[in-house]
Amino acid sequence: MFDDTLLDDPAAVRRADRRRELLALAGAGARIRIALRRADAAGVGALNPDGRPRTVLVAGHGGVLTAAAVLAALAVPSSQVWPLPPSDARPGGFAFTDGETWQLPGWAGSLDLIVVASENGREGGLINLAEQAYARGCAIAVIAPERSELFEAALQVRALPLPFEPSAVEPEGTDAEPDLPAEDPAALWAFLAPLLALADRIGVTQLGPGALEAAADRLDEVAVRCRPDAQAYDNPAKGLAARLAETVPLLWAEGAPAAAAAERFAAALADRAGLPALAARLPQALTAHRGMFTGRLGTDPDDFFRDRVDEPVPLQLQVLLLRHTPGAAELEQPGWPVARARRLAAAHEVRVTEHTSSREEPLQALAELVGLTDFAAVYLGLATRS
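Small disclaimer: the values here were computed from a predicted structure and weren't measured.

**Section: the sheet that holds strand S5 (residues 113-117)**
Across a sheet, paired strands are connected by hydrogen bonds in the backbone, their directions being either parallel or antiparallel. With parallel pairing, five strands are arranged side by side in an open sheet as S2-S1-S5-S6-S7. Lying at the two open borders of the sheet, with one neighbouring strand each, are strand S2 (80-84) and strand S7 (160-163). On average, each strand axis in the sheet is tilted by 20° relative to the strand beside it, whichever way the strands run. Contacting S5, strand S6 (139-144) and S7, helix H6 (residues 149-156) crosses the sheet at an angle of about 155° to S7.

**Digging into the confidence of the model for the protein**
Across the protein, the average pLDDT comes to 87, with 87% of residues at or above 70. Overall, residues 89-97 carries pLDDT values under 50, and its contacts beyond four positions in sequence, including any with other chains, amount to eleven contacts. With pLDDT under 50 throughout, residues 174-180 is counted as low confidence; its partners more than four residues away or in other chains account for five contacts.

**Thoughts on the pattern of salt bridges**
Under the criterion given, the structure shown has 17 salt bridges. Glu368 is the salt-bridge partner of Arg359, the closest N and O atoms lying 2.7 Å from each other. A relative accessible area of 30% places Arg359 in the partly exposed class. According to the relative accessible area criterion, Glu368 is buried, its value standing at 17%. Connected through shared salt-bridge partners, Arg19, Glu21, Asp271 and Arg272 make up one network.

**As for the side chain of Gln364**
Mapped onto the elements, Gln364 comes out in helix H14 (residues 362-385). Once you skip the residues sitting within four places of it in the chain, Gln364 turns out to touch Ala214, Ala215, Arg218 and Arg359.

**Some remarks on the pairing of S7**
Residues Leu160 and Leu162 of S7 are buried on one face, and the alternating residues Pro161 and Pro163, pointing to the opposite face, are buried as well. As paired elements, S6 and S7 share four bridges and run parallel to each other. When the sheet's bridge partners are listed, Ala141 is paired in S7 with Leu160. As a crossover connection, the stretch from S6 through H6 into S7 is right-handed.

**Considerations on the packing of aromatic side chains**
In total, this model carries four aromatic pairs according to the counting rule given. Here the aromatic rings of Trp252 and Phe293 are separated by 6.0 Å at their centres, their planes lie at 50°, and the arrangement is tilted. Of this pair, Trp252 sits in strand S8 (residues 247-254) while Phe293 sits in helix H12 (residues 290-294), and the two are 41 residues apart along the sequence.

Parameters and conventions
- Residues numbered from 1 in each chain as written.
- Predicted model: local features only at pLDDT ≥ 70, side-chain atom pairs only at ≥ 80, totals over all residues.
- Heavy atoms only, no water.
- Pairing = 2+ DSSP bridges.
- Helix = DSSP H or I, 4+ residues; strand = E, 2+ residues; numbered from the N terminus.
- Axes fitted to C-alpha atoms, helices over the stretch in contact; angles between N-to-C directions.
- Contact = heavy atoms within 4.5 Å.
- pLDDT = per-residue confidence, 0-100.
- Salt bridge = Lys/Arg side-chain N within 4 Å of Asp/Glu carboxyl O.
- Buried < 20%, exposed > 50% of the residue type's maximum accessible area, 1.4 Å probe, protein only.
- Right-handed = clockwise from strand over helix to strand, strands pointing away.
- Phe/Tyr/Trp six-rings, centres within 6.5 Å; stacked < 30°, edge-to-face > 60°.

This is the structure:
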């Protein structure tokens, strides 16, 4: 059950946040700055590549795959970026092993770059993947905590080791960690900073000067607006959390940064608030999610004779429209996908909430949208768990 009164009590919010997720999100900008300094110390700035790789494969899970999606959105048109999620599929059958496994595509070779990333650096499957890449002659980079097994393996396979900057925030109490610990909420930025710094150096992206530092500044600004002691009426993350509570969110996106933010938000809602959500990019969302409007959610309201004793509240749809409109004025006429999305929701009496970033730089737009939605997921989880 959602307790909206908790969000207006900063002391109650702090007590409920035993994992210190809000504090971790407040330090996301600092994570970028520290990661950039450590990547430069690792030698990223001194690289002199002879051309860009044919394909960049980014292996990991959670925030690593989100970082891969962001890199794909920011890559120059002639570069390909593939996320490489874990899979048990092996040539000739399935490998029944402990833990997750990763497999390189059959075509991967000396023209490709493999980036292997992990928050804890203990996955044996990623170590095996790095060894596969070494045997194929691939260029390899590893993002992992220093002194972890994966970081040490990077030295054995002649990979570029990029230190992962772990969170300095520790959860409170021995019962703060659930059976399946949630991912560090700011881990995305600790992965993304060295990944983008490397990609920019080798020509896979063409970021503007100081783009990552500017993204860190945007995250700091979001943290100030979404801080726990800001009242719900003046805190966009608390307001968004309240609107999504006890609904089925449809997360629609306009623009590549907004699409990455929507996918990230769907995962964060499931992980931190136990709320399933559907994410899609416009205009494909209009077809993919149309059945949600024409189907039925909850009890049939026309069934007069149904048993209403202890009847649950029917779930309601809620559309969240995330938009990246670089340089567009606030009142500028939207394109036909947005206009049609608004008409579809209005025709079915479904509420639409919109958040737009007009930043010219895609990375800054991503920081604004992801920063806001990350805070909203945490607030929704706190008010639901309490």
